[in-house]
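Spelled out from the first residue to the last, the chains are:
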Amino acid sequence: MSLASKPAKPGRADPVGGVELASDRVRVVVGHREEGRLRVTGVGQSAVRPGAIDGGLVVHREAVAAAISAAFATAEGRERAVRVIAAIDGDDVRTYHVSTTFERESLDEPMAPGEVARATAEARADAEASARDSAMNDPALRGVATVQLRDDVAGLALDGRPLSSLVGFQGRFVEVRTDVALAPLVLASAATAALEGAKRRGTVTCGAYGLGRLIALSGLTEGGVLRLGPDVTAFAVIREGRVVATRAFGLGRGAFLARADRIERDARVWARCVIAPVPGVDGLLPARWYFVGVPESLIALPRALGDALAELRGGDVEIEPLRTSVATRVFSAEPLHADDLVPAAAAALAAGIA
């Protein structure tokens with residue numbers, strides 16, 4: 001047995017891996033759950049050749065699989081990740097957020113594990129059906145074969161009280177919040193095939209959702225988290241400590257850097273794309289935003305977003321770079337950059353944290 005494939009030490013959670021598939025490189029974060037947080041034990045990245053990934057779609061499976069393998073080789077130490085989640089963002093990746101409420105019959109009896117499991121299973125089925133119906137009514141997805149990426153329980157409540165676990169509590173109304181991610185079949189299949197080409201088995205999620213959920217669990221109750229990728233802009237909106245919407249569109253760093261002499265005008269157009277009505281968001285967009293992936297030469301983008309939001313809201317807004325210290329559910333002895341937070345969020349999902 002090679003050192004890289006040794007199992008986890010007894011008494012310690014299994015190692016997990018998060019992978020971000022972006023058009024310029026693959027990033028990998030490896031770690032394990034420790035006291036409700038993700039302890040990062042390794043970080044790796046590997047460049048991919050131009051055109052290998054386009055808008056979240058893996059075009060050249062072999063090239064991307066090789067990059068995944070190289071990034072894992074850097075990130076993994078003596079233990080191999082046993083659960084892996086890959087994150088992608090693209091125009092047609094969707095997340096749906098559903099709350100299902102049940103009324104209990106035995107009000108005086110504490111909730112047993114079996115009752116909680118049944119409620120969770122029914123809520124997941126309800127959320128999956130709701131997501132499928134929404135996708136069928138989405139003009140951009142009409143006629144496109146879609147597949148469910150993941151479903152994740154995003155929160156539990158009993159009579160309006162948020163709880164990390166319902167077992168042992170008494171009450172009348174049980175609320176289960178479920179998040180479902182869907183994507184075109186071709187996107188999901190290509191990402192999965194790239195993982196398998198790297199001899200990894202895993203699931204796929206929406207990168208903006210994973211990042212937003214990680215920041216929400218780290219304490220942000222109201223705000224937005226935006227990432228400017230090489231060829232895509234993706235963001236998540238957070239309300240009441242929960243991701244309520246995500247969006248991605250095909251404008252990234254590359255397009256703006258190629259037109260550096262027109263950045264001020266382009267930034268205003270880009271900002272209008274961000275603040276356009278977002279399905280799932282009622283009322284105004286939040287006043288507080290974090291951004292990542294914006295080089296100094298493109299700082300006009302978040303400035304334009306701040307101006308657009310201030311005009312929309314009629315008041316001050318806060319827009320600042322996302323720092324790793326904001327993600328309090330992640331800690332690491334390894335140097336961790338804000339760009340690593342998307343694969344870290346995917347790893348946190350794999351560890352059952354985010």
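Going by the structure above, here's the rest.
What comes next concerns the included structure. Everything numeric here is computed off the predicted structure, so don't read it as measured data.

As summarised here, the arrangement of the 6 strands in space is β11-β6-β1-β2-β3-β17, forming an open sheet in which the pairing is mixed. Since the sheet does not close on itself, it has two edges, and those belong to β11 (202-206) and β17 (330-332), each with one partner. Averaged over all neighbouring strand pairs, the angle between strand axes comes to 30°, with direction disregarded. Here helix α3 (residues 185-197) sits on the sheet in contact with β1 (16-21), β6 (83-88) and β11, set at roughly 135° to β11. With respect to the sheet, helix α4 (residues 207-217) is in contact with β6, β11 and β17, its orientation differing from that of β11 by roughly 80°.

Further remarks concern the nonpolar core. Inside soluble globular proteins, nonpolar side chains tend to come together where they are buried. Ranked by internal contacts, the top residues of the largest apolar core, which has 72 residues, are Val19, Leu21, Val26, Val64 and Ile68. If you tally residues by element for this core, the top one is helix α8 (residues 341-350), at 9 residues. Residues contacting Leu21, with those up to four places away along its chain left out, are Val26, Ile53, Val58, Val64, Ile68, Ala86, Ala87, Ile88 and Ala191. If you look at the next biggest cluster of nonpolar residues, it comprises 26 residues, including Ile275, Phe291, Ala300 and Leu309.

Taken in spatial order, the 5 strands make up an open sheet running β14-β13-β12-β15-β16, and their pairing is mixed. Each edge of the open sheet is held by one strand with a lone partner, namely β14 (242-249) and β16 (318-321). Neighbour to neighbour, the strand axes of the sheet diverge by 20° on average, direction disregarded. Bridge count for strand β12 (residues 222-228) against strand β13 (residues 233-239) is 7 bridges, and the pairing is antiparallel. The partner of Leu228 across the bridge, within β13, is Thr233. Strand contacts of helix α7 (residues 300-313): β12, β15 (288-292) and β16, with the helix running at about 165° to β16, the strand carrying the most contacts.

Here we take up a positive patch on the surface. Residues Arg262, Arg265, Arg268 and Arg272 make up a contiguous surface patch of positive charge. Tracing the backbone through its elements, the reader meets Arg262 in the loop between α5 (253-257) and α6 (263-275). Owing to a relative accessible area of 34%, Arg262 belongs among the partly exposed residues under this scheme.

Attention now moves to the packing of aromatic side chains. In this structure the tally under the stated criterion is 1 aromatic pair. Above the ring of Phe72, the side-chain terminus of Arg200 is found at 3.9 Å from the ring centroid.

With that settled, consider the pattern of salt bridges. According to the stated counting rule, one finds 19 salt bridges in the structure shown. Residue Asp24 pairs with Arg253 through a salt bridge whose shortest N-O separation is 3.7 Å. Of this pair, Asp24 sits in the loop between β1 and β2 (25-34) while Arg253 sits in helix α5, and the two are 229 residues apart along the sequence. Using a relative accessible area of 26% as the deciding quantity, one classes Asp24 as partly exposed. We note a salt bridge from Glu103 to Arg172, for which the minimum N-O separation is 2.9 Å. On the criterion of sequence distance, the pair formed by Glu103 in strand β7 (residues 94-103) and Arg172 in the loop between β9 (161-163) and β10 (173-184) is long-range, its members being 69 residues apart. Owing to a relative accessible area of 35%, Arg172 belongs among the partly exposed residues under this scheme. Here the residues in one salt-bridge network are Glu20, Asp89 and Arg227, joined through shared partners.

Positionally, Thr101 belongs in strand β7. If we skip the residues at most four places from it in the chain, Thr101 touches Phe173, Val174 and Glu175.

What follows is about the packing of α4 against α8. Remark: α4 packs on α8, axes separated minimally by 8 Å, with the N-to-C direction vectors making an angle of 80°. Considered as vectors, α4 and α8 are oriented roughly perpendicular to each other. Between α4, through Gly207, Gly210, Leu211, Arg213 and Leu214, and α8, the contact on the second element is made entirely by Leu341, Val342, Ala345, Ala348 and Leu349. Here the residues of the contact of α4 with α8 sort into 7 nonpolar, 2 polar and 1 charged.

One pass over the structure, following the stated rule, counts 2 cavities of 30 Å³ or more. There is about 60 Å³ of room inside the largest cavity. Lining the largest cavity are 15 residues, with Leu21, Ala22, Ser23, Asp89 and Val232 sitting closest to its centre. Taken together, the elements giving at least two residues each to the lining of the largest cavity come down to β1 and β6. Of the residues contributing to the lining of the largest cavity, the split by class is 7 nonpolar, 4 polar and 4 charged. Volume-wise, the second largest cavity comes out at about 40 Å³.

Thresholds applied
- Residues numbered from 1 in each chain as written.
- Predicted model: local features only at pLDDT ≥ 70, side-chain atom pairs only at ≥ 80, totals over all residues.
- Heavy atoms only, no water.
- Pairing = 2+ DSSP bridges.
- Helix = DSSP H or I, 4+ residues; strand = E, 2+ residues; numbered from the N terminus.
- Axes fitted to C-alpha atoms, helices over the stretch in contact; angles between N-to-C directions.
- Contact = heavy atoms within 4.5 Å.
- Core = buried A, V, L, I, M, F, W, Y, C linked by side-chain atoms within 4.5 Å.
- Buried < 20%, exposed > 50% of the residue type's maximum accessible area, 1.4 Å probe, protein only.
- Patch = residues over 30% accessible without salt bridge, like charges linked within 9 Å, V, L, I, M, F, W, Y side chains within 5 Å.
- Areas by Shrake-Rupley, 256 points an atom, 1.4 Å probe, with all protein chains shown as cover.
- Salt bridge = Lys/Arg side-chain N within 4 Å of Asp/Glu carboxyl O.
- Lys, Arg positive; Asp, Glu negative; His and termini not counted.
- Charge placed at Lys NZ, Arg CZ, Asp CG, Glu CD.
- Phe/Tyr/Trp six-rings, centres within 6.5 Å; stacked < 30°, edge-to-face > 60°.
- Lys NZ or Arg CZ within 6 Å of the ring centre and 35° of its normal.
- Parallel < 35°, antiparallel > 145°, perpendicular 65-115°, else oblique.
- Nonpolar A, V, L, I, M, F, W, Y, C, P; charged D, E, K, R; others polar.
- 1 Å grid on protein atoms, 1.4 Å probe; cavity = no way out; pocket = protein on both sides within 12 Å on 5 of 7 lines; lining within 4 Å.
- Points joined across faces, edges and corners; volume = space filled by probe spheres on them.

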